[in-house]
Amino acid sequence: MMPAQKNRNRLSQAAPSLPSEPDTPEVVTMGGAALARELLDPLRNETVLVISRRADAGFHIDAAALAVRLGAEARVIQVSNGIETRHLQDRLPAQLHIFGTGARVYPHGERWLERVPGPHVPHHPSALPQLYQKLENEVLAAQHFEAPRPITAPISVISEAVVKGFPAEDRAMVELFPSGEQALIRSEDLLPGIPLDWLMAKGQRLSGTLDPATHVLNIAALLLPRPSPVTVYSHGDVALARIKSVFPRHATVQLWPGSEFPIGVEHISSNDLDSAVDLLTEGEVVRVRVLYHNGAVVLSMLDVDDDEPAVLTPPLLRGGPPWLDLERPYASIFTNRSPVSSPTPANPDDGEESTSSDAEPAQPESLLTPAARRSALQTTQMQLESARHTIAELMAAAKRQGAIDKVARALQDQLEDERRAAAELAREHNMATHQVEALKTELAKAKATLVQLRQQRRSAASRTENSLDALFMDPAQQFTFELQQVWARVVPAAEKSLYPLGKFSVSPLFLDSWGMLTEHQRTKTLRAVVDLVADWQGPLRKREPHMLRLNEGAQAQPTLRGDDVCWRLYVEKGTAGALRLHYWKLQAGGVELHAVVPHDVVKP
């Protein structure tokens, strides 16, 4: 009898049995890291059957018997469940791992990653004979699909590609030119921890080094060097920043990765009782004003209006989009969650509970965030395309090569599995689409609520700061007292000797106009008077003081009162009916506060 016929007779048995011959095929036991290196070795030229073994399981998959059944068709490797299977999962591409009491076939040859069958996790010993037959069919299909590849080391080549999508935050799918093949870009090769859709945009053209063995495109050469703030922002510009950490008295923000700056609570809120923890959230993207004091970068959130335009953040990758965008959802990147994967059968009898230290971690059932839902949708679409491609390849291979009956049955079984998987993925795709639309609506509502709450908080803080009871009968004394309070708060202790309150006086008209202002307008007016009388450069930098002329003509004379000259400066900017301060520069020295008026009043 021919050896091939003997092998087929042995494979047709219902359950494995150890042979009596002394040359029993070897079963190799490996750790997870070593096994991952073995599977990803570009020179591997044989199919591998991996069997995961749980020490506390009630039954096991017989690795030795499977090695006898398969003979030279595949190499059988055994790995311990727990820390070793987690090491294996960490080092393999997504959705290629195995755990618990399970088995999985890993083909060889070019593009074997696209042809890996799903994992098998039996629930009961009675399922083992059927499992052995399925594994045997998958090994034979892998052998029939492609001959062993020659022992040649692949050479990395420079390739151009276009970004097609983001199946996960740390993975980008690209299409190579001119072959049309697909490849992956990994975030660990660029900036670990930064989602790839912050670095590049769909449809962007890239160039990098392609590894033919793994089909991974490395574009690290396109990373831009970290700039200095002075090359991006001018003094007084509004920038977007990401909150890295928050403490009661200060927060740390990033203008871009590796460029971190502290911002004290006094530059976050004008209310001394506020805590930064109550105002900011770790991971939030906020608007800050970039200031330069004696060459040092100082960031402030005071007097930054919500509608004031912000300078675009620089890209991190050459040709990429700005790395921060207020329209982008950020909350999901600061929560721990595993990549989206297809459902894997769970066996309660196997003890795969989260309470066991060696158990595979369970997937959370909570609702996905918009960013995760978008990644799930993209992954589903790519899996559907991969399933259709696999079905077409299997059907073409069966027709072209005239597979034997056993191989044909194996291909047909796999085709049915792929069709069922495609139908399930289509259902998940439809559900994901509806959930994405619902989440978009909820996100818009949440953003509107957040803006309203922030405005209410600022108004409450302003009322708390300015709600001083009248302590003097004389309005001029009350104004002077409140002015000294604001000067004491806004001018740091170390600079009070440099910026004392200068000589000033108030007119009855000023006190009348002062009494008609709201508490918020009074606070802004007091800060403007501090900037004027103490010569202090407060948060609103461009008050633009100028002489009040008799008319709008270019040669118009200034408004005089004897030897005194009337001047005007900004109290507010960018608001309806913005306030202006009129004052007289006295020939004898000092200033006289004349009135607080709307911007369209141009006469003293």
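Above this note sits the structure.
Residues numbered from 1 in each chain as written. Predicted model: local features only at pLDDT ≥ 70, side-chain atom pairs only at ≥ 80, totals over all residues. Heavy atoms only, no water.

Asker: Could you give an account of the pattern of salt bridges, with specific residues and numbers?
Answerer: Tallied over the full model, the rule gives 19 salt bridges. A salt bridge links R54 to D56; the nearest nitrogen and oxygen atoms lie 2.9 Å apart. Looking at R54, the relative accessible area reads 5%, which means it is buried. When its relative accessible area of 56% is taken as the criterion, D56 is described as exposed. The closest approach of N and O atoms between R171 and D170, which form a salt bridge, is 3.7 Å. (Salt bridge = Lys/Arg side-chain N within 4 Å of Asp/Glu carboxyl O. Buried < 20%, exposed > 50% of the residue type's maximum accessible area, 1.4 Å probe, protein only.)

Asker: Give me the lowdown on the side chain of H215, citing residues and values where you can.
Answerer: One can find H215 in the loop between β8 (205-211) and β9 (216-218). The residues touching H215, leaving out its near neighbours within four places in the chain, are R111, E181, Q182, A183, L184 and L210. (Helix = DSSP H or I, 4+ residues; strand = E, 2+ residues; numbered from the N terminus. Contact = heavy atoms within 4.5 Å.)

Asker: Now, about the pairing of strand β7 (residues 182-186): what can you tell me, with residues and values included?
Answerer: Alternating residues of β7 divide into A183 and I185, all buried, and Q182, L184 and R186, none buried. By the bridge criterion, 5 bridges tie strand β6 (residues 171-177) to β7 in an arrangement that is antiparallel. Bridged to E175 within β7 is Q182. The turn linking β6 back onto β7 is made up of 4 residues, and G180 within it adopts a positive phi angle of 80°. (Pairing = 2+ DSSP bridges.)

Asker: Summarise the sheet that holds strand β13 (residues 285-293); cite the residues concerned and give the values.
Answerer: Spatial ordering of the open sheet is given by β12-β11-β10-β13-β14, a layout of 5 strands whose pairing is antiparallel. The two strands at the open ends of the sheet, each matched to only one other strand, are β12 (259-264) and β14 (296-300). When strand polarity is set aside, the average angle formed by the axes of neighbouring strands in this sheet is 50°. Across 5 bridges, the pairing between strand β10 (residues 238-246) and β13 is antiparallel. Residue pairing for β13: A241 is matched across the bridge by V286. (Axes fitted to C-alpha atoms, helices over the stretch in contact; angles between N-to-C directions.)

As far as function goes, none of this settles anything; it's purely spatial.
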